[in-house]
Amino acid sequence: MVNFVLKNAFIAAQAEKNIIPYEFSPEFESKMGKLIKSQKGMRKLVNTAAKRAACVITAFLIAALSTVFSVDALREPVVEAVQSFFVNVKEYLSGTSADNIADYFSDGVTEIVATNLITSTPKEYKITDTEKITAFTKLLTETHWGEPQHEVKEADFVLYRFEFKNENETVTTLNVCPRYPELYGIVEIISGENRKVYHISERTYLDIVAFTTRKYYLHKSDLPKPSEEKCLMWQREVLANLSETEKQTLCENFKFLHLHIENLLLGSVVTLKEPDSVYWQKLELPENRMFIDPFTGVVSVDNTYHIIIERFDNSISAALDNETKKAIITMKNDFQNAVKNHDLGSIFSVHEVIHDWDYYVINYPISYSVEPPDWGGIDEYFGHLD
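Quick caveat: nothing in here was measured; it's all calculated off a predicted structure.

Cut-offs and rules
Here, residues in each chain are numbered from 1, in the same order as that chain's written sequence. Side-chain atom pairs in this predicted model are given and counted only at pLDDT of 80 or more, local residue features only at pLDDT of at least 70, and totals for whole chains, interfaces and linings cover all residues. Water and hydrogen atoms play no part in the side-chain values, which are based on all heavy atoms of the structure. A pair of strands is considered paired only if DSSP assigns at least 2 bridges between the two. Secondary structure elements follow DSSP: runs of H or I no shorter than four residues count as helices, runs of E no shorter than two count as strands, and numbering proceeds from the N terminus. Lines are fitted to the C-alpha atoms to define the axes, a helix being fitted only along its stretch in contact, and any angle between axes, read from their N-to-C directions, falls within 0 to 180 degrees. When the centres of two rings from Phe, Tyr and Trp lie within 6.5 Å, Trp using its six-membered ring, the rings pair. Their planes under 30 degrees apart give stacked, over 60 give edge-to-face, and anything left gives tilted. Definition used in this section: a nonpolar core is a set of buried Ala, Val, Leu, Ile, Met, Phe, Trp, Tyr and Cys residues joined via side-chain atoms within 4.5 Å. In this scheme, a residue with accessible area under 20% of its type's maximum is buried, one over 50% is exposed, and one in between is partly exposed, where area comes from a 1.4 Å probe on protein chains only. The contact criterion used is simple: two residues touch if any of their non-hydrogen atoms lie within 4.5 Å. Patch definition: residues above 30% relative accessible area lacking any salt bridge, with like charges linked at up to 9 Å and the nonpolar side chains Val, Leu, Ile, Met, Phe, Trp and Tyr linked at up to 5 Å. Note on areas: Shrake-Rupley with a 1.4 Å probe; residue coverage comes only from the protein chains shown. Any carboxyl oxygen of Asp or Glu that lies within 4 Å of a side-chain nitrogen of Lys or Arg is treated as forming a salt bridge with it. Only protein atoms enter the 1 Å grid used here, on which a cavity is any set of points holding a 1.4 Å probe that cannot leave and a pocket is any open set flanked by protein within 12 Å on both sides along at least five of seven lines; residues with an atom within 4 Å of a point are listed as lining. Grid points are joined across faces, edges and corners, and a volume is the space filled by probe spheres set on the points. Three residue categories are used. Nonpolar comprises Ala, Val, Leu, Ile, Met, Phe, Trp, Tyr, Cys and Pro, charged comprises Asp, Glu, Lys and Arg, and polar comprises the others, including Gly. Along the chain, pLDDT gives the predictor's confidence residue by residue, from 0 to 100.

Trainee: Run through the sheet that holds strand β3 (residues 160-166), naming residues and quoting values.
Mentor: Taken in spatial order, the six strands line up as β2-β1-β3-β4-β5-β6 in an open sheet, and their pairing is antiparallel. Each of the sheet's edge strands pairs with one partner strand only, and the pair in question is β2 (123-127) and β6 (194-201). Ignoring strand direction, the axes of neighbouring strands in this sheet form an average angle of 20°. Bridge count for strand β5 (residues 184-191) against β6 is eight bridges, and the pairing is antiparallel. Note on β6: the bridge partner recorded for V187 is Y198.

Trainee: Before we move on, can you summarise the packing of aromatic side chains with the specific residues and values?
Mentor: For the structure shown, the criterion picks out ten aromatic pairs. Residues F136 and F164 carry aromatic rings whose centres are separated by 6.0 Å and whose planes lie at 50° to one another, so their mutual orientation is tilted. Here the residue F136 occupies a position in helix α6 (residues 130-140), and F164 occupies one in strand β3, the gap between them amounting to 28 residues. Ring geometry for F136 and F211: centres 5.1 Å apart, planes at 75°, overall edge-to-face.

Trainee: Tell me about the nonpolar core, and please be specific about residues and values.
Mentor: Counting 80 residues, the largest nonpolar core has F105, W145, F162, F164 and F335 as the members making the most contacts within it. For this core, the element with the highest residue contribution is helix α13 (residues 344-362), accounting for ten residues. Every residue in contact with F105, bar those within four places of it in the chain, is listed here: V89, K90, L93, L140, F164, T172, L174 and I189.

Trainee: Can you lay out a nonpolar patch on the surface for me, pointing to particular residues and giving the numbers?
Mentor: A cluster of nonpolar side chains, M290, I292, V299 and V301, forms an exposed patch at the surface whose accessible area comes to about 390 Å². Along the chain, the position of V299 falls in strand β8 (residues 299-301).

Trainee: Summarise the layout of surface pockets; cite the residues concerned and give the values.
Mentor: A volume near 680 Å³ is recorded for the largest pocket. Around the largest pocket sit 26 residues that line it, and G267, T271, Y279, K282 and D293 are the ones nearest its centre. When contributions to the lining of the largest pocket are tallied by element, the ones reaching two or more residues are β4 (169-180), α9 (244-268) and α10 (280-284). Of the residues forming the lining of the largest pocket, the biggest block, four residues, is contributed by α9. Counted by class, the lining of the largest pocket contains 14 nonpolar, seven polar and five charged residues.

Trainee: Can you lay out empty space enclosed by the protein for me, pointing to particular residues and giving the numbers?
Mentor: This structure, assessed with the given rule, holds two cavities of 30 Å³ or more. If you add up the space inside the largest cavity, you get close to 170 Å³. Surrounding the largest cavity, 14 residues form its lining, K255, H258, D358, Y359 and V370 being those nearest its centre. Counting residues per element, the lining of the largest cavity draws most heavily on α9, which supplies four residues. Of the residues belonging to the lining of the largest cavity, the class tally is seven nonpolar, three polar and four charged. Of the pockets and cavities examined, the second largest cavity occupies roughly 40 Å³.

Trainee: Explain the pairing of β2 to me, using residue names and the numbers behind them.
Mentor: Here five bridges tie strand β1 (residues 111-116) to β2, and the two strands are oriented antiparallel to one another. Bridge pairing links I112 to I127 in β2. Hairpin connection from β1 to β2: six residues lie between these consecutive antiparallel strands.

Trainee: Run through unusual backbone geometry, naming residues and quoting values.
Mentor: With an omega of -10°, the peptide bond running from Y364 to P365 counts as cis. With respect to the helices, strands and loops of the structure, P365 is situated in the segment after α13. Residue N241 is not a glycine yet carries a positive backbone phi of 70°. As for its placement among the helices and strands, N241 is situated in the loop between α8 (228-239) and α9. Exposure remark for N241: the relative accessible area of 75% places this residue in the exposed category. Positive phi, close to 55°, is recorded for H342, a residue that is not glycine. Structurally, the position occupied by H342 is in the loop between α12 (322-340) and α13.

Trainee: Any details on the confidence of the model for the chain? Residues and values, ideally.
Mentor: On average, the chain scores 83 in pLDDT, and the residues at 70 or more come to 76%. In this model residues 1-17 is a low-confidence stretch, pLDDT under 50, and it forms 14 contacts with partners more than four residues away in sequence or in other chains. Across residues 40-47 the pLDDT falls below 50, and counting only partners more than four positions away or on other chains, this stretch makes ten contacts in the model.

Trainee: How would you sum up the pattern of salt bridges? Please name residues and give values.
Mentor: Counted according to the given criterion, the structure contains twelve salt bridges. Notably, a salt bridge pairs K230 with D386, separated by 3.5 Å at the nearest N-O pair. With K230 in helix α8 and D386 in the segment after α13, this residue pair connects regions lying 156 residues apart in the sequence. K230 gets classed as partly exposed once you look at its relative accessible area, which sits at 38%. For D386, a relative accessible area of 64% puts it in the exposed group. Members of the salt-bridge network, linked through shared partners, are R203, D207 and K215.

Rendered as structure tokens:
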């Protein structure tokens with residue numbers, strides 16, 4: 001389409017104009033001959049995005065002095081072509097919250113190659129669209145890049161790698177390292193001989209990791225909350241015929257079920273995004289079995305999965321209402337299948353159901369005797385009760 005517009009624009013511009021032949025001087029011809037010969041082929045003149053852009057800009061300036069570029073249909077596509085060659089990442093970062101890292105980046109990025117290293121086989125994603133490269137660059141400006149307050153060994157353990165390239169040459173590497181939940185993320189930047197470690201906000205850390213894959217939200221819904229009348233009606237049905245001790249047992253177990261599944265998702269949203277992530281093994285281990293982190297070598301015991309199953313079972317045993325029992329059994333089965341199939345999205349879906357039952361039925365009105373992992377969820381309703 002652009003070629004068609006260019007061709008017709010040239011024809012239209014020259015139709016009413018006689019083209020006068022021009023003969024260059026011998027001196028000019030001699031210099032041009034030497035230049036072309038020294039390049040050993042025209043590719044060296046245009047073998048990078050910056051050189052191609054320079055060629056187009058030069059052609060643009062020369063042609064702009066003639067009648068040709070009085071034609072809008074010709075001028076506008078060429079300007080757009082110049083802008084689409086590369087992204088000036090350094091310029092975007094300068095003067096923002098990321099100003100102190102701007103000098104590590106190039107003014108001619110043509111591609112970002114993202115690699116997920118926490119899967120059994122590293123997965124590579126290529127970002128070549130200039131709009132997406134720009135969007136990723138702007139993401140880096142949404143946080144302060146500060147120096148860690150203490151020695152950070154995590155920089156040796158890279159979970160995700162983002163390579164900023166000019167053509168086939170990597171000019172800057174951004175390594176995403178382990179994070180401190182609810183505090184900040186650790187990022188390492190390498191540019192030539194320079195290597196620096198920074199801490200960034202947890203929000204930006206998660207957005208960077210999620211840029212090339214699906215983004216999950218623990219609490220995001222626009223639905224209105226159910227009325228107090230409805231909540232109390234549902235609660236009476238669920239707690240009917242239970243003694244005060246039995247009510248307390250059901251309420252406490254379900255409250256902690258909700259608490260543990262939220263902590264699981266908040267702590268694992270980065271490491272469990274891919275079905276073949278090595279960190280699914282951590283959930284599948286038998287109770288009290290040690291897990292050796294394949295990146296850090298840290299040995300730990302994490303019984304979160306087994307604690308959640310125990311809370312499910314205790315809630316099922318405490319419920320007398322058959323419909324309530326069936327509902328909680330379904331939640332438990334869905335959770336187990338999600339873990340079995342390494343399906344993080346389905347665990348988020350199970351959490352939504354647990355969230356609605358906890359806040360708007362079993363423990364209504366919401367009690368803050370135990371601080372929720374995410375205060376942003378106390379006013380959310382996902383619509384699983386209507």
